[in-house]
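# Fold and contact review
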Amino acid sequence: MAEKKERKLGGYLSKLKTINNERRDRIKDALQGEFVAYCGDPVLQWVSGGYIRGRLNLLWGPSKSGKSTFALKWAGQEQRKRGPGYYVIIYDSEFNYEEDNPSTINRFKACGLDPDYVIIAHGGNMDSLFFGIADLRADIENGDLKVAAIIVDSWGGVHVDSAIEKIKRNEISDAGNSYGGNAKFIAPLINFFLDIAGGYGVTCFFVQHCMVNMEQYGKRYLLIGGQKLRFLVHCSLFFETIEAQDARLGVAGQIEKKDVDEVAAVGKRIRCYCDKSRQLVEGRKGEFWFDFEKATFACRDDTLFELATRLGVVAHPIEIEVDKRGNPKVNDKGEQVFKEKNAYWCFPADNNDPNSIQWHGRSNMIGALADANLYDAIFKACMDSTKKNITDDQTDLKKALEAVQEDSLFDGTIEEMDVSNKKKKGK
């Protein structure tokens, strides 16, 4: 009896191994061993760990935060990676894209998409938007259709037919109940896309809006579709713009129009937060610049510098003013006095390292990042950092000193100084 069970188990394992090998070969051919892709900006890459190829990626947040543009850019990158003849399918529930509209074509080109290989499906309800979707998997499986990426923009614009029927019957107030429950209706579709992504290596990007509630301690963002969406996706990124108006960008960051005659680009400062990822980077957040006119990431040297300083990859050594006896000087408030004029940046962070490179001033440090080798070295060091979250801005000398309190120069001195200050205040 035991032998019979063993033979059945062996047959099952044999079939399972065959199925897994077939799927593994398909994924290997589709992704070429690259399961995570570069997002386009060092801060965004550190926050997200890169979007996951051949899986479901959710981009959500308030309007005008760049969700659709990022989805198009990354889909275009997938199309280029796969090679000629691969399509990008866009399910447009908001009627934002038209094949014959020049602005749509220009936007596709700016994001790196080949307009001739973009298929757009329009519709406001489930049946019209996803009509014939059952044949999609069969065409991909048979090799009749080569798909690099799928975009759903957005799930918030998809409603169920029951809501339309209630509107037709003038049951307007009750129609909202059907719309509000569409989260349970989109769950089977998400599972359908998950099957295509996991079985054939098609990268999916889901765009979703959110509701904003003003509460006592600030804004609260609620994802439409909630846990149904977040539960099944492999990477979930939240985006919001920091600047309400367009900001003009220069080499050193944001600048005012009155200060310069020419500007480098026009864009927005965007904050990104990773609330779910299979790359073990959940909880990370950061800020970066994006030029919406050219659909490109702007000021990447600046954002890499900010990230490197906050992670401690690039250090800001601090020197303290000392008196004739070698004790740290203090001002009238009992605060230590620093030699700001001697401050400089160094990489690697240990300025005693003979291989450490040093720059005097922030602008010289950022200018040095034009060297591709140095940029790549600092970028790699940031990505390899084990810190889960960025610290406060280390460009402030006092804060930077607090980060290096272990220096032997301070052994026993700070406590004595604090005691003497208390005595002075007591007198």
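Scroll up to find the structure this text is about.
Overview of the structure. What you see is a predicted model, and the numbers here were worked out from it, not measured in a lab.

## A look at unusual backbone geometry
Each neighbour pair has its own omega, and for Asp-153 with Ser-154 the value is 0°, a cis peptide bond. Its location among the elements puts Ser-154 in the loop between β6 (147-153) and α7 (161-168). Between Phe-347 and Pro-348 the backbone carries a cis peptide bond, its omega angle lying at -5°. If you trace the backbone, Pro-348 turns up in the loop between β16 (345-347) and β17 (357-359). Even without a glycine there, the phi angle at Gln-32 is positive, about 55°. Relative to the elements of secondary structure, Gln-32 occurs in the loop between α1 (2-31) and β1 (36-37). On the basis of relative accessible area, Gln-32 is assigned to the exposed category, the value being 62%.

## A closer look at the side chain of Thr-104
Examined against the element boundaries, Thr-104 turns out to sit in helix α4 (residues 102-110). Take Thr-104: its relative accessible area is 6%, and that puts it in the buried class. The residues touching Thr-104, leaving out its near neighbours within four places in the chain, are Asn-96, Tyr-97 and Glu-98.

## Brief notes about the layout of surface pockets
Space inside the second largest pocket adds up to approximately 400 Å³. Broken down by secondary-structure element, the contributors of at least two residues to the lining of the second largest pocket are α3 (67-82) and β13 (265-277). Classifying every residue of the lining of the second largest pocket gives four nonpolar, eight polar and eight charged.

## With respect to the state of the cysteines
Here is the idea: a disulfide is a covalent bond, and it sits between the sulfur atoms of two cysteines. Tallied over the full model, the rule gives zero disulfides. Not engaged in a disulfide, the cysteine Cys-39 finds its nearest cysteine sulfur in Cys-235; these two sulfurs lie 7.2 Å apart.

## Observations concerning a positive patch on the surface
There is a patch of like positive charges on the surface, built from Lys-17, Arg-23, Arg-24 and Arg-26. Structurally, Arg-24 is set in helix α1.

## Let's talk about the pairing of strand β5 (residues 118-122)
As judged from the five bridges shared by strand β4 (residues 87-92) and β5, these two strands associate in the parallel manner. What sits directly across from Ile-89, in β5, is Ile-119. Crossover β4 to β5 through α4 is right-handed.

Parameters at a glance
- Residues numbered from 1 in each chain as written.
- Predicted model: local features only at pLDDT ≥ 70, side-chain atom pairs only at ≥ 80, totals over all residues.
- Heavy atoms only, no water.
- Helix = DSSP H or I, 4+ residues; strand = E, 2+ residues; numbered from the N terminus.
- Buried < 20%, exposed > 50% of the residue type's maximum accessible area, 1.4 Å probe, protein only.
- Contact = heavy atoms within 4.5 Å.
- 1 Å grid on protein atoms, 1.4 Å probe; cavity = no way out; pocket = protein on both sides within 12 Å on 5 of 7 lines; lining within 4 Å.
- Points joined across faces, edges and corners; volume = space filled by probe spheres on them.
- Nonpolar A, V, L, I, M, F, W, Y, C, P; charged D, E, K, R; others polar.
- Disulfide = S-S within 2.5 Å.
- Patch = residues over 30% accessible without salt bridge, like charges linked within 9 Å, V, L, I, M, F, W, Y side chains within 5 Å.
- Areas by Shrake-Rupley, 256 points an atom, 1.4 Å probe, with all protein chains shown as cover.
- Salt bridge = Lys/Arg side-chain N within 4 Å of Asp/Glu carboxyl O.
- Lys, Arg positive; Asp, Glu negative; His and termini not counted.
- Charge placed at Lys NZ, Arg CZ, Asp CG, Glu CD.
- Pairing = 2+ DSSP bridges.
- Right-handed = clockwise from strand over helix to strand, strands pointing away.

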